Amino acid sequence: MTPQDISTLIVRTSMKDRAAFDLLYRQTSAKLFGVCLRVLRDRGDAEEALQEVFVKVWTKADRFAVSDLSPISWLVAIARNHAIDRIRSRRKPAADIGAALDVADPGPGPEAMVVAGGESERIYQCLEELEQDRAQAVRGAYLNGESYADLAERHKVPLNTMRTWLRRSLLKLRECLER
């Protein structure tokens, strides 16, 4: 069937000619079904969409403008747009922004931040009471994430000595913080 024949069928369909609409369906439904199936990726859904597409063609055929353009392109555009609309209608609506007000912030609140700030100041004061090399080892291990072996090598002491320094330094820090 030529594009001119399809254009004629669409024009006759706009005048509610059922025979023309039947022939238009038989001539174009396979192609339009393929478009719906490609977009929707579900045979049953594509079949339903195809029926709805032809209902649209029946009701909107009077909007078709005969031109040099291919009439099948007009039909394909209707089918494609309808299939996309079906996908969009299945999506969950976006959550109401007001629901976000009920979500708790897992971070500390302003009061906890002030308390933590005071605690960190106390920790740094207690670190000052330690011997300088012990304080550097504690900072390296617990604030910078350095390994015991790296600290032992840097301070030129055996690994077990470094472990002892750190353990005893933590005990001294705890004593200082409990005062």
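Please refer to the structure placed before this passage.
The rules we used
- Residues numbered from 1 in each chain as written.
- Predicted model: local features only at pLDDT ≥ 70, side-chain atom pairs only at ≥ 80, totals over all residues.
- Heavy atoms only, no water.
- Phe/Tyr/Trp six-rings, centres within 6.5 Å; stacked < 30°, edge-to-face > 60°.
- Helix = DSSP H or I, 4+ residues; strand = E, 2+ residues; numbered from the N terminus.
- Disulfide = S-S within 2.5 Å.
- Buried < 20%, exposed > 50% of the residue type's maximum accessible area, 1.4 Å probe, protein only.
- Patch = residues over 30% accessible without salt bridge, like charges linked within 9 Å, V, L, I, M, F, W, Y side chains within 5 Å.
- Areas by Shrake-Rupley, 256 points an atom, 1.4 Å probe, with all protein chains shown as cover.
- Salt bridge = Lys/Arg side-chain N within 4 Å of Asp/Glu carboxyl O.

A. Region of the structure containing the packing of aromatic side chains. Counting across every chain of the model gives four aromatic pairs. The interplanar angle of 70° and the centroid separation of 5.0 Å between the aromatic rings of F21 and W58 together place this pair among those described as edge-to-face. Of this pair, F21 sits in helix 2 (residues 18-40) while W58 sits in helix 3 (residues 43-60), and the two are 37 residues apart along the sequence. One aromatic cluster in this structure is built from F21, Y25, F54 and W58.

B. Representation of the state of the cysteines within the structure. Scanning the model with the defined rule gives one disulfide in all. Between the sulfur atoms of C126 and its disulfide mate C176 the distance is 1.9 Å. The sign of the -80° torsion about the S-S bond sets the C126-C176 disulfide as left-handed. Residue C126 is found in helix 5 (residues 110-129), and its partner C176 is found in helix 8 (residues 159-178); the two are separated by 50 residues along the sequence. Both residues of the pair, C126 and C176, belong to the buried class.

C. Inspection of a nonpolar patch on the surface at higher detail. Taken together, the side chains of Y124, Y142, L143, Y148, L159 and L170 present a nonpolar region at the surface, about 530 Å² in accessible area. Contributions of two or more residues to the nonpolar patch are made by helix 6 (132-143) and helix 8. Here Y142 shows up in helix 6. For Y142, a relative accessible area of 39% gives the class partly exposed.

D. Highlighting the side chain of S169. Its location among the elements puts S169 in helix 8. Residue S169 is classed as buried on the basis of its relative accessible area, which comes to 2%.

Purely geometric stuff here, so don't read any function into it on its own.
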